[in-house]
Amino acid sequence: MALLKVENLSIGYRTAGGMLKAVDGVNLSLEEGRSLGLVGESGCGKTTIGMALMGLLPPNGSITGGRIVLDGVEISALDEEELRKVRWSQVAMIFQAAMNALNPVIRVSAQMTEAIRTHRPDMDEQAIMQRVEGLFNLVGLPLERLHDFPHQYSGGMKQRAIIAMALALNPKLIIADEPTTALDVIVQDQILKETKVLQEQFDIGIIFISHDISIVAEVCHDIGVMYAGQLVEAGPAQEVFFNSKHPYTRALVGSFPTLAGPKSKLTPIPGEPPNLIGAIPGCRFCDRCPKDTASCKLEPPKWQEINERHWVLCDHC
Amino acid sequence: MRKYIAKRLAQVVVILFFILTVLFVLFRLAPGDPVSRMVDPEMTPEDAQHLIEQLGLDEPIWKQYLIYLKNFASGEFGYSIHYGEPVARVIWDKLPNTILLFTTAVLLSAMVGISWGKIAAWKKGKGADIGMTIAALVTHTLFLPWLALLLVWVFAYQLDWFPITGMVSEEVFLDPDAGFWAKAVDVGYHMVLPLATLFLIHFGSYLLVMRSSMLETLKEDYIVLARAKGLSDRAIRNKHAAPNAWLPVVTSVGLSLAFSINGGALTETVFSWPGIGRELVFAVSQNDYPLAQASFLLIATVVLFSNVVVDVLYAFLDPRIRY
Amino acid sequence: MSVQQATLQSLKAGRRALWRQRLAENWRVFRGNLLGKIGLSLLVMFGLMAGLSYIPPLIDPMYHPMTGVDPLVVKSTGPSLTHWLGTDFMGRDILSQLLAGARVAFMVGVSAAFMSVVLGTAVGMTAGYLGKTTDTLLMRLADMIMVLPTLLVVLMLAALFGQLSIWMIVLMIALFRWPGVSRVIRAQTLSLKQRPFIDAARVAGASHTRIIFRHIMPNVLPLAFLYMTFRVTSAIVIEAGLAFLGFGDPGTVSWGMMLQWVWKTGHMFTAPYWLLPPGICISLITLSFYMLGRAMDEVLDPRLRDETQAG
């Protein structure tokens, strides 16, 4: 049985201009110990999915259709109190360290222990402290820095602390939202490698959210490319990256410099994604698509299987 | 930290020196003869001569200035014309009364304003928030002396719950058997209305600042992380959001101290609370310049030192600041 | 007309149109703001009061707020047909005093606020633009003045120079209330200084004065304007407090002065018709300027607008 199943998930935000469909009919599935990368430009709905997996949609957002099943439990049907218990103990999240994810006025040690204390009220202080020290060793942070305040850490250290925090309760699933974006390339690379090792060591499922497809292709087993609230291409990482079919995926691959991939000229993607308020009859990418045909604008595209497990939402690929 | 405090205190000294100098110059520029303004005409000639010598009024101007600075540093402010006794004696008695009323009022309104502002932000848009915000807006724009008069009229005159003015009752303070607690209760009883006045005027601004600061804080990523950790609402609000939201409030307490001191003087005057603010108002109306000057300088000193206290408190609350 | 002139003119017209458009947009946002609407309506009411204040003395000299005395009245009386709000202890009409008080409040508030904002903007722009020692000196001075209690400072000046006239009071308030404005304007100037168009102007050979007046000032003025509404409030309150304590200009009738008369003549427990109106007026005018300021804050700072947006 899959660790995580997202079935036909739709999420909407109430806005002044009307209902904004941030996520529209997305299907995902993740096995234990596997990793899935969600890629797309900002506003495509990838972060919204991450938040929905934790039951943390903002007050004006709600799940309008479909369901999320984690380890046999339907997350999308839980009430707030039940969700609170699932958070962090089942699903943890790795935030981007540069974005103030650590509370500036609380010592790092206290921020680590409070998660454990909340979910394991039976654990005594000594055991909690031992656990935290163990986690610090695990992510390679010096123990003497445990009681520092976040501003005394470097960016990389903060990121490690956040990873350690996410591992605190042995969650089955970790959502990593742009975890290394603001770090310099060397630290970024180190942290990604270590995360991969930790993931394999503890058999954790990871959903890796990023705008950079080359990073995702390096660290994840599978990739899902999102555009304007929909999944447009999904499949094994290498397959999607080197054999991309959807014009948007191809554009994404072409718009980032890669360390591993072939040397090529960077090409920007012209145009902007469509406004998600109101109905869009045809393909959402057609305005920016080089293969645009008359029928694309009128009829929604259908999923095509390109190779084994490699699917694309396009009628002309 | 110690270095920072020392630096701030040095700044206070510089500012005080500046204020003293400006006052000295203005006093010499002002109409009227300095001697007749500083010396009580009813004094015996010997006493007057002695006072003139003590204040250095018969010396050349630069020497007068030095004597003036020296006198201020040693707490000599001359003789009050109205009371006919040393100014220092008059105002040192009044200082504790002012500090008592003022500190209690600022602390009480800050504490209530902060905790209500926290709740208002948490319940943004709900009835409690709207009610508290409107109450804060209305009370903190009320005209202070008017509010004081209204409170006296309703609670002291009509309902007769509290004394109309003053700080103590004679029957308690003249009673040799009255112990400390009896006296304290009596003062507390007299303090209710002045305190209520200052509280009503001030809590609103703290509430509004705390509310908007808290709303900003609640948008931060560490709040999302705290929620993702599955912490309870209570822990998120009190442990994660509030300690960060306090910081701008502390700054605003510091900036509004001057405003609060104005209000303190008005309150003292309406309620005949024997403090320095009332003494200043009284001295100005009685043309008692030595008393007015000393009260003003003492108030300025208190305000400046309170600002240092607020800054140190800020540094204490925000671990990112290490001087 | 040469082509160049025509282009210049069309450019100017375009800029005017843009201004109009921006003003219309701001007005639309403002109209959607409840606080702003209440504040503005209240201010219009006070403005009407100030305007009407000229009428009573024209009807009958006994309605003159300062010198008019009803010969039939020897002590404070309650509301009647001849005196809608009653009279004070000398038989002067309270309603005419109240109307005159509105005029004084506007005069004091707006002129003191205007002066302090002009001063604060000038200091803030100078400090921010010139930087270095000038900046340090000016901002230290601002810090120092900021922590002084203005009411008591003006009181002290009254002790030094005797009775202050209303314009002297206005000037004093302005002189001691600019630091808050100058800090904000300085910060704004500092951030403007980093923008490319200032560099462009400098490279194009514009002088410091030209850069300050042509490029920086138009961008800080909306902010200065916003601060003016808050300064109006504090100026009115300081003048009222001073008058209440008995140090107002004896030649004017302000609301604070009226309260002083009620209080000093011992009518506060017996004459609610006299105690209530001036206090309500001071509190309400303060509230309305405050609400107007909050509303303008939201108009000028889009971040404060309460609009639900996608996450």
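Keep in mind that this is a model prediction, so the values were computed, not measured. (Residues numbered from 1 in each chain as written. Chains lettered and ligands numbered in written order. Predicted model: local features only at pLDDT ≥ 70, side-chain atom pairs only at ≥ 80, totals over all residues. Heavy atoms only, no water.)

Student: Outline the overall build of chain A, listing residues and values.
Tutor: Regarding its fold elements, chain A presents ten helices and twelve strands. In terms of C-alpha radius of gyration, chain A reaches 20 Å, essentially the compact-globule figure of 20 Å for 317 residues. Dimensions along the principal axes, computed over C-alpha positions, put chain A at roughly 65 × 45 × 40 Å. Taken over 317 residues, chain A has a buried fraction of 54%. Contacts in chain A between residues far apart in sequence, at least 24 positions, make up 64% of those at least 6 positions apart. Only carbon and sulfur atoms are counted for the fraction: they give 53% of the accessible area of chain A, which is about 13,900 Å². Taking the average location of the 29 positive side-chain charges in chain A and that of its 37 negative ones, the two points are 4 Å from each other. (Helix = DSSP H or I, 4+ residues; strand = E, 2+ residues; numbered from the N terminus. Rg over C-alpha atoms; globule rule 2.2 N^0.38 Å. Buried < 20%, exposed > 50% of the residue type's maximum accessible area, 1.4 Å probe, protein only. Contact = heavy atoms within 4.5 Å. Areas by Shrake-Rupley, 256 points an atom, 1.4 Å probe, with all protein chains shown as cover. Lys, Arg positive; Asp, Glu negative; His and termini not counted. Charge placed at Lys NZ, Arg CZ, Asp CG, Glu CD.)

Student: Give a description of empty space enclosed by the protein that names residues and reports values.
Tutor: Residues and elements named next belong to chain B. The final tally for this structure, using the stated rule, is seven cavities of 30 Å³ or more. Each pocket or cavity is described by its volume, and for the largest cavity that value is around 170 Å³. Contributing to the lining of the largest cavity are 15 residues, with Met 38, Leu 55, Tyr 68, Asn 71 and Gln 293 lying nearest its centre. Residue assignment for the lining of the largest cavity shows that the elements contributing at least two residues are α1 (2–29), α4 (61–73) and α13 (289–317). Among the residues forming the lining of the largest cavity, the class breakdown is ten nonpolar, three polar and two charged. (1 Å grid on protein atoms, 1.4 Å probe; cavity = no way out; pocket = protein on both sides within 12 Å on 5 of 7 lines; lining within 4 Å. Points joined across faces, edges and corners; volume = space filled by probe spheres on them. Nonpolar A, V, L, I, M, F, W, Y, C, P; charged D, E, K, R; others polar.)

Student: Mind laying out the confidence of the model for chain C, listing which residues take part and the relevant values?
Tutor: Residues and elements named next belong to chain C. Summarising the model, chain C shows a mean pLDDT of 83, and 91% of its residues fall at 70 or more. Per-residue pLDDT stays below 50 along residues 305–311; that stretch engages in 14 contacts with residues further than four places along the chain or on separate chains. What the predictor reports for the complex is a pTM of 0.84 with an ipTM of 0.87. (pLDDT = per-residue confidence, 0-100.)

Student: So what's going on with the interface of chain C and chain B? Which residues, and what values?
Tutor: Between chain C and chain B, the contact holds 40 residues from the first and 45 residues from the second. The largest per-residue losses of area from chain C upon contact with chain B belong to Met156(C), Leu160(C) and Phe269(C), which jointly make up 18% of the total buried on that side. Along the contact surface separating chain C from chain B lie zero salt bridges. Taken together, chain C and chain B are joined by four residue pairs in polar contact (both at pLDDT 80 or more). Elements that contribute at least two residues to the side of chain C that touches chain B include exactly α5 (132–146), α6 (150–161), α10 (208–244), α11 (255–264) and α12 (272–300) of chain C. Partitioned by chemical class, the residues of the side of chain C that touches chain B number 33 nonpolar, five polar and two charged. (Buried area = accessible area lost by both parts, 1.4 Å probe. Salt bridge = Lys/Arg side-chain N within 4 Å of Asp/Glu carboxyl O. Polar contact = N/O pair within 3.5 Å; in protein donor to acceptor, adjacent residues only side chain to side chain.)

Student: Break down the interface of chain B and chain A for me, citing the residues and quoting the values.
Tutor: When the parts come together, some accessible area is lost, and that loss is often what is quoted as the size of the interface. The interface of chain B with chain A comprises 18 residues on the first partner and 23 residues on the second. Along the contact surface separating chain B from chain A lie one salt bridge. For Lys229(B), the salt bridge is made with Glu114(A), and the minimal N-O distance between the two is 2.9 Å. One can count eleven residue pairs in polar contact (both at pLDDT 80 or more) joining chain B with chain A. Those elements that place two or more of their residues in the side of chain B that touches chain A are α10 (221–228) and α11 (233–271) of chain B.

Student: Provide a residue-level description of the pattern of salt bridges, including the pertinent values.
Tutor: All names here are of chain A. Under the definition given, this model contains 23 salt bridges over all chains. One salt bridge in this structure joins Arg 288 and Glu 41, with 3.0 Å as the shortest N-O distance. With a gap of 247 residues between them, Arg 288 in the loop between α9 (247–254) and α10 (294–298) and Glu 41 in the loop between β3 (35–39) and α1 (46–53) connect regions that are remote in the sequence. Taking the shortest distance from any N to any O, the salt bridge between Glu 80 and Arg 87 comes out at 3.3 Å. On the basis of relative accessible area, Glu 80 is assigned to the partly exposed category, the value being 41%. Connected through shared salt-bridge partners, Glu 7, Arg 67 and Glu 74 make up one network.

Student: Can you break down helix α5 (residues 155–167) of chain A residue by residue, with the values?
Tutor: Its 13 residues give α5(A) an end-to-end C-alpha distance of 19 Å, which sits within 8% of 18 Å, the value for a rise of 1.5 Å per residue. Most of α5(A) sits inside the fold, with eleven of its 13 residues counted as buried. Buried within α5(A) are the following residues: Gly156(A), Met157(A), Gln159(A), Arg160(A), Ala161(A), Ile162(A), Ile163(A), Ala164(A), Met165(A), Ala166(A) and Leu167(A). The elements touched by buried residues of α5(A) are β6 (91–94), α3 (108–119), α4 (125–138), β7 (173–177) and α6 (185–202) of chain A together with α10 of chain B. (Expected span 1.5 Å × (residues − 1).)

Student: Tell me about the sheet that holds strand β1 (residues 4–15) of chain A, residues and numbers included.
Tutor: Pairing is antiparallel across the open sheet formed by four strands, whose spatial order is β2-β1-β4-β5 (chain A). The two strands at the open ends of the sheet, each matched to only one other strand, are β2 (18–30) and β5 (73–74) of chain A. (Pairing = 2+ DSSP bridges.)

Student: Lay out a nonpolar patch on the surface in plain terms, naming residues and giving numbers.
Tutor: Residues and elements named next belong to chain C. On the surface, Trp 27, Leu 40, Val 44 and Leu 48 cluster together into a nonpolar patch covering about 390 Å² of accessible area. Per element, the largest residue contribution to the nonpolar patch is three residues, and it comes from helix α2 (residues 34–52). By the secondary structure assignment, Trp 27 is in helix α1 (residues 3–31). (Patch = residues over 30% accessible without salt bridge, like charges linked within 9 Å, V, L, I, M, F, W, Y side chains within 5 Å.)

Student: Give a detailed account of the sheet that holds strand β12 (residues 310–313) of chain A, specifying residues and quantitative values.
Tutor: Residues and elements named next belong to chain A. An order of β6-β7-β8-β3-β9-β10-β12-β11 is seen for the eight strands of this open sheet, with the pairing classed as mixed. Looking at strand neighbours, the two that pair on one side only are β6 and β11 (303–307), the edges of this open sheet. Strand-to-strand, the axes of this sheet are offset by a mean angle of 20°, without reference to chain direction. As paired elements, strand β9 (residues 222–227) and strand β10 (residues 230–236) share six bridges and run antiparallel to each other. When the bridges of β10 are listed, Val 225 appears paired with Glu 233. Across the sheet, α5 touches β6 and β7, and the angle it forms with β6 is around 180°. Packing against the sheet, α9 makes contact with β3, β9 and β10, and its axis sits at approximately 105° to β9. (Axes fitted to C-alpha atoms, helices over the stretch in contact; angles between N-to-C directions.)

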